[in-house]
Amino acid sequence: MIDVSSPEARRNEALATYHVLDTQPEIAFDEIAGLAAAICGAPIAVVNLVAGDRQFFKAEVGLGVRETPLETSFCVRALQEEDFLMIPDAQADAHFCSNPLVTGEPGIRFYAGALLKTAAGTPIGTLCVLDYKARTLDSMQEQALRVLARQTMATLELRRAALMAERQSARMQQAERAGGVGLFTLDLSADIVIPTAEFCRLHGLPAEAQYPFSAFQAQVIPEDRHLLTPLQARTHGNAARSLVYRVQLEPAGQVRWLERTGELELDADGTPCRFVGAARDITEQRETVDALTRSEERYRALFEAVDDGFCIIEFFDGPHGPLSDYVHVEANAGYERQSGIPNVVGVTLRELEPDDAEGWAELYGNVLRTGEPIRFERYFVAAGRHIEVSAARVEPVSRRQVSVLFRDIEARKNAEAALRASEALARENVDRVKLALSAGAILGTWIWDVPSDSFTVDEAFAQAFGLDPALGLEGFGMAKIVASVHPEDRAALSSAVREALRKGGTYAHSYRVRRADGEYHWIEANGRVERDADGRALRFPGVLINIEERRLIQEERDRAAAELRALNETLEQRVVERTVELMEAEEQLRQAQKMEAVGQLTGGLAHDFNNLLAGISGALEMVGTRLKQGRVADVDKYLVAAQGASRRAAALTHRLLAFSRRQTLDPRPTNVNALVNGLADMIQRTVGPAIRVETVGAAGLWPTLVDPSQLENSILNLCINARDAMPDGGRITIETANKWLDRDGARTHDIPEGQYLSLCVTDTGTGMTPNVIAKAFDPFFTTKPIGQGTGLGLSMIYGFAKQSGGQVRIYSEVGQGTTVCIYLPRHYGDSVQEGVEPVVMPVANAEAGETILVVDDEPSVRMLVTDTLEELGYTVIEAADSASGLKVLQSGTRIDLLISDVGLPGGMNGRQMADAARESRPGLKVLFITGYAENSVIGNGHLQPGMQVLTKPFVVDTIAARVRDLMAG
């Protein structure tokens with residue numbers, strides 16, 4: 001049995017997908033083999049596919065056979081190489097010196113083969129050349145053979161795609177016939193429809209190769225023709241993407257419902273040229289929908305007629321556990337009438353009732369789990385009232401739904417509570433009166449018979465008003481009482497009594513009365529007016545309360561309050577003045593901290609760039625000195641030193657852009673577990689044998705949309721920091737996990753709530769103090785010795801994480817170690833595996849007459865680019881600003897490529913200049929070069945076809961290769 005994981009099994013499996021073995025010769029492959037033989041000057045060239053125990057020649061030159069056994073194969077040996085094998089002399093090679101093809105006929109001496117690899121990196125064969133004499137290939141021939149090998153794979157891919165397209169077309173036609181779906185293409189310029197036979201049948205027309213649009217329009221019933229897009233709108237690409245209409249089929253006159261969907265296709269200039277789509281008969285579906293609609297309307301009418309509140313809730317699994325929340329999926333108008341809560345459909349329990357969610361979820365969750373209906377009364381906090389509820393499970397249980405019927409019982413509850421309170425109050429009042437009378441708190445009692453104006457009072461009442469106690473038993477009128485009231489209080493007393501008689505109910509009024517000793521004392525009269533069925537006052541009983549002491553206290557309190565108000569007025573002024581002083585001091589402190597941070601940043605920049613500039617300027621001075629001395633042999637080492645300092649300066653600016661969250665990122669869906677596993681060996685080599693590196697990847701880890709190279713750089717930086725924190729060795733753990741941050745978690749981490757994955761690097765090192773943690777992300781802050789760190793590592797990681805929509809957090813204890821966690825948002829999609837790195841090809845020279853316009857306001861950059869391009873044979877035109885550059889672009893001068901800085905003087909930036917130039921030169925190719933990530937200027941990464949961006953600083957070979965790529969494209 002063949003091991004399916006072996007290279008042979010993978011090769012056979014990959015070859016099977018191309019369906020190419022034992023097929024007839026094809027001109028495309030024959031031409032590649034012939035070209036390989038011609039370029040390499042070899043008598044034999046073969047497109048060789050290795051399968052099982054044989055090798056099949058898809059194309060051959062100078063061999064005359066289509067396959068040979070593997071025992072004498074050179075290509076089997078080549079499959080063990082990375083991508084190329086060359087044997088200058090087979091007789092001198094240990095692997096092939098005894099090969100029958102070498103020792104006998106035809107006497108092969110030389111072999112060179114480039115591997116044929118799939119996109120997944122699986123080798124399936126070679127493109128090889130052979131010769132009867134010992135020899136080699138020069139670099140150009142070797143590179144050409146590699147390129148032709150890739151061209152062979154591209155041809156195989158195109159061949160496979162063509163086969164798949166043929167099969168897909170056949171399946172489409174079969175599906176069209178079986179499913180009743182008709183396809184069409186509408187040529188917008190000619191207004192001609194190219195239909196399939198099924199499309200014609202659906203519209204009641206005989207099958208023809210094409211029809212004018214009006215022929216199908218005539219089949220649409222008059223009432224629906226207004227739905228079709230007018231000719232002028234179709235010409236401008238404004239056709240409706242989806243449309244439902246009716247057609248009338250002859251001769252029976254049957255009306256059928258059709259649904260048509262489609263999409264616009266654009267030409268190379270972006271102008272709508274075709275509308276491609278499909279149509280299907282939905283008559284039965286429409287009739288079913290109409291019947292369901294009528295049924296729904298009847299149900300809805302009954303549903304809304306119910307006065308009680310009714311809703312259907314649907315449980316779902318939330319952050320708090322399985323079936324921990326539910327959403328209102330349906331509710332009638334009675335829901336709002338009974339609860340006062342509008343628009344409840346779509347609202348979850350935890351949004352509606354966050355503080356009491358667990359209780360409601362438990363009640364209705366039991367109904368869902370057991371299927372047993374319940375009936376209960378409960379206070380509904382969100383509605384602010386009591387409700388009576390009946391709940392039952394909606395079958396089947398898989399729907400996770402519960403129906404709830406309820407009514408507002410707040411009025412009944414209030415009435416019951418009022419009755420209980422009234423009974424309790426009556427009992428309390430009886431007890432209170434008894435206690436008050438015995439304690440002397442109540443001065444006396446009265447009963448006033450209102451119709452006869454007759455007061456009957458007890459002895460204490462009579463003494464309080466300075467009256468003869470005997471009169472209390474006989475009865476007397478209101479005038480007798482008013483006579484004892486202080487003259488200043490009589491009008492208010494009369495008004496309060498009239499109001500109490502008019503309104504009924506309770507009565508309370510304070511005033512002064514004269515006792516028998518002639519002194520006035522404060523009292524409070526409390527009573528209740530009793531009325532008959534017609535609302536006329538009958539009886540007015542009440543009590544008198546001595547409030548003399550209370551009045552004295554109130555007067556004292558009023559005096560104290562006045563003094564306190566006066567004090568508060570001055571105190572508030574003092575507080576305002578002090579607050580202003582504190583705010584000014586706080587603002588000064590913030591400004592000082594801001595200036596300190598800026599000083600630290602600029603000081604660090606000046607220090608690092610001075611070091612780099614010293615290396616560059618010193619190296620250039622030494623180059624000049626050695627050139628004057630004629631010692632050119634020493635020039636290379638100074639150039640290497642200057643270039644190295646330039647690259648370090650570029651790395652420093654890259655880190656600064658990362659810290660400022662303005663670097664140009666290349667986010668891609670990324671499998672972080674695979675990325676970490678790919679880095680593990682390099683990290684282990686970097687930190688050394690004294691430190692053990694462990695990786696713990698979470699199963700089912702979500703992908704994230706991130707720049708993989710920046711994430712790799714961040715992980716490596718964290719591991720290097722961890723290594724430096726463990727001088728005596730230790731352990732580094734790289735761990736991944738899925739995180740679901742709710743509102744509290746998101747607030748703690750200072751990121752929006754949602755789903756994230758975490759990447760944590762933990763060490764067993766010295767740890768950090770809280771003060772160090774607080775400054776760890778500051779640029780140029782470092783605890784390492786001078787010369788061992790820039791202080792930009794963590795600040796770069798922080799900027800990268802924030803720019804990627806995530807966050808970084810540090811957890812550390814002195815002596816226990818440190819954990820740094822990067823939180824990145826979950827990407828809803830599949831991760832993309834890294835492909836095979838492309839082979840770097842030599843830059844080709846310009847073709848005759850090719851002209852490039854270079855626009856840059858920096859003379860040194862303009863000179864460098866111009867010299868590079870002129871050495872490659874291009875004609876170069878220079879411009880120092882956008883105005884002069886646009887003038888050249890709007891002239892008749894031949895311009896094959898525009899190279900422009902993004903930030904330019906002259907009234908326009910580079911993107912605006914390029915867009916203006918493309919109005920008269922639509923196909924103009926553009927390469928933007930910039931030293932700063934002006935994403936908003938160049939379109940936030942959304943460049944038009946034929947536009948690319950190159951970030952400064954760059955190597956001249958890079959811009960040369962990019963120019964050739966654009967010119968070739």
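Quick caveat, the model's predicted, so the values are computed rather than measured.

Counting its secondary structure elements, the chain contains 29 helices and 34 strands. Buried positions account for 38% of the 969 residues belonging to the chain.

You can see Asp778 is positioned in the loop between α23 (770-775) and α24 (793-803). Distance in space between the C-alpha atoms of Asp778 and Tyr798 is 9.5 Å, their sequence separation being 20 residues.

Across its 14 residues, helix α12 (residues 357-370) extends 20 Å between first and last C-alpha, which sits within 8% of the 20 Å expected from 1.5 Å per residue. Where α12 is buried, its residues touch β13 (309-318), β14 (321-331), α11 (349-352), β15 (374-380), β16 (385-394) and β17 (401-408). Once α12 ends, the next one or two residues include Gly371, with phi positive near 80°.

Pairing between sheet strands relies on hydrogen bonds along the backbone, with the strands arranged either parallel or antiparallel. Within the open sheet, the six strands sit side by side as β9-β8-β7-β12-β11-β10. Their pairing is antiparallel. Edge positions in the open sheet fall to β9 (211-212) and β10 (242-249), since each of these has one partner strand only. Of the pairings in the sheet, the one linking strand β7 (residues 181-187) to strand β8 (residues 192-195) comprises four bridges and is antiparallel in character. Across the sheet, the residue bridging to Thr185 is Ile194, located in β8.

Applying the stated criterion across every chain, the model contains one disulfide. Across the disulfide from Cys760 sits Cys821; the S-S distance is 2.0 Å. What sets the handedness of the Cys760 and Cys821 disulfide is the S-S torsion sign, and at about 110° it is right-handed. Of this pair, Cys760 sits in strand β27 (residues 754-763) while Cys821 sits in strand β29 (residues 817-825), placing them 61 residues apart in sequence. On the basis of relative accessibility, which here comes to 5%, the residue Cys821 falls in the buried class.

What follows covers the side chain of Asp224. By the element assignment, Asp224 lies in the loop between α7 (213-219) and α8 (231-235). Excluding residues that lie within four positions of it along the chain, Asp224 makes contacts with Tyr245 and Arg246.

Let us look at the nonpolar core. Membership of the largest hydrophobic core comes to 35 residues, with the highest contact counts inside it found for Ile683, Leu711, Ile715, Ile732 and Ile734. Contributing elements (two or more residues each) for this core: α20 (672-687), β24 (691-696), α21 (708-724), β26 (730-741), β27, α24, β28 (807-813) and β29. No other element matches α20, which puts six residues into this core. Residues in contact with Ile732, not counting those within four places in the same chain, are Val687, Ile691, Arg692, Val693, Glu694, Cys719, Ala722, Arg723, Met726, Val761 and Thr762.

This part is about the UniProt feature "modified residue: 4-aspartylphosphate" (unreviewed entry) in the chain. Mapped onto this numbering, the UniProt entry gives "modified residue: 4-aspartylphosphate" (unreviewed entry) at Asp901. Dropping the residues within four chain positions of it, Asp901 is found in contact with Val855, Asp856, Asp857, Gly910, Ile929, Thr930 and Lys952.

Attention now goes to the sheet that holds β13. Strand order in the open sheet formed by five strands is β14-β13-β17-β16-β15, with antiparallel pairing between adjacent strands. Each end of this open sheet is capped by a strand with a single partner; those strands are β14 and β15. For this sheet the average axis-to-axis angle between neighbouring strands, irrespective of direction, equals 35°. Packed on one face of the sheet, α12 meets β13, β14, β15, β16 and β17 and runs near 165° to β15.

The next thing to look at is unusual backbone geometry. The omega torsion of the bond from Glu105 to Pro106 falls at 0°, within 30 degrees of zero and hence cis. On the secondary structure map, Pro106 appears in the loop between α4 (100-103) and β5 (110-117). Following Glu395, the chain continues to Pro396 via a peptide bond in cis, the omega torsion being -5°. Tracing the chain through its elements places Pro396 in the loop between β16 and β17. Positive phi, close to 60°, is recorded for Arg400, a residue that is not glycine. Here Arg400 lies in the loop between β16 and β17. Not every positive phi belongs to a glycine, and Asp453 is a case in point at roughly 50°. As for its position among the elements, Asp453 is in the loop between β18 (442-449) and β19 (454-457).

It is worth spelling out the packing of helix α25 (residues 859-871) against helix α29 (residues 956-968) at this point. Where α25 meets α29, the closest approach of the two axes is 10 Å, and the angle between their N-to-C directions is 60°. Our classification of the angle between α25 and α29 gives oblique. α29 is crossed by α25, and the crossing has right-handed handedness. Residue-level contacts link Leu864, Val865, Thr868 and Leu869 of α25 to Val956, Ile959, Ala960 and Val963 of α29. Residue classes in the contact of α25 with α29 are distributed as seven nonpolar, one polar and no charged.

Reading the values: the criteria
- Residues numbered from 1 in each chain as written.
- Predicted model: local features only at pLDDT ≥ 70, side-chain atom pairs only at ≥ 80, totals over all residues.
- Heavy atoms only, no water.
- Helix = DSSP H or I, 4+ residues; strand = E, 2+ residues; numbered from the N terminus.
- Buried < 20%, exposed > 50% of the residue type's maximum accessible area, 1.4 Å probe, protein only.
- Expected span 1.5 Å × (residues − 1).
- Contact = heavy atoms within 4.5 Å.
- Pairing = 2+ DSSP bridges.
- Disulfide = S-S within 2.5 Å.
- Core = buried A, V, L, I, M, F, W, Y, C linked by side-chain atoms within 4.5 Å.
- UniProt positions renumbered as here; feature names shortened; annotations may be inferred.
- Axes fitted to C-alpha atoms, helices over the stretch in contact; angles between N-to-C directions.
- Parallel < 35°, antiparallel > 145°, perpendicular 65-115°, else oblique.
- Left-handed = near helix turned anticlockwise from the far one by under 90°.
- Nonpolar A, V, L, I, M, F, W, Y, C, P; charged D, E, K, R; others polar.

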